[in-house]
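Tertiary structure, described
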Amino acid sequence: YEQSATIEERIAAFEKIEFPGGPFAEAAPDFHMYGLAKMFGDVIMLRTARKYPALRVNSVDPGLVYTDLILKMPKYAGMKKEETGAQSPEEGVEGTMRLLFDCKEEENVV
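Once a new chain begins, its residue numbering starts again from 1 and follows that chain's sequence as written. Two thresholds apply to this predicted model, a pLDDT of at least 70 for residue-level local features and 80 or more for giving and counting side-chain atom pairs, whereas whole-chain, interface and lining totals are computed over all residues. Processing note: side-chain calculations cover all non-hydrogen atoms of the structure and skip hydrogens and water entirely.

Attention shifts here to the overall build of the protein. Runs of E in the DSSP output that reach at least two residues are strands. Runs of H or I that reach at least four are helices, and both are numbered from the N terminus. Broken down by element type, the protein carries six helices and zero strands. Moving toward the C terminus, one meets the helices and strands of the protein in the order α-α-α-α-α-α. Relative accessibility thresholds used throughout: buried, under 20% of the residue-type maximum; exposed, over 50%; partly exposed, between the two (1.4 Å probe, protein chains only). Every one of the 110 residues in the protein was classed for burial, and the buried ones make up 13%. A total of about 8700 Å² of accessible surface is found on the protein, and carbon and sulfur atoms cover 57% of it. Per-residue and other accessible areas were derived by the Shrake-Rupley procedure at a 1.4 Å probe size, with only the shown protein chains allowed to occlude residues.

Where nonpolar side chains cluster on the molecular surface, the patch consists of Val 93, Met 97, Leu 100 and Phe 101 and spans about 410 Å² of accessible area. Along the polypeptide, Met 97 turns up in helix 6 (residues 94–101). We classify Met 97 as partly exposed; its relative accessible area is 37%. Note that patches include only residues with greater than 30% relative accessible area and no salt bridge, and the join distances are 9 Å for like charges and 5 Å for nonpolar side chains (Val, Leu, Ile, Met, Phe, Trp, Tyr). Basic side-chain nitrogens of Lys or Arg form a salt bridge, by our definition, when they fall within 4 Å of a carboxyl oxygen of Asp or Glu.

Structure follows, in structure tokens:
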């Protein structure tokens, strides 16, 4: 991976890892790759927080959001939002927006 010069080479190198993971690897490969990307993002945030304890580091996972991505999953294929228990995209982004704009520095609480 470190020797990859282009984004295409990096993607190809990542795909060579062949992470077997989870129930969606074959049934919903788009969701599987999305989940892996979220996991790696969380790991980067954890490593950064541990390396720089004085730095405030956040990672937000919104949970299940009703988009075309979940409709590719066999469990949710063809379902309406109300049937899935998923949030709307607007609801899914709420946590991120609160972290960005609602922080009260004097309380050091988000």
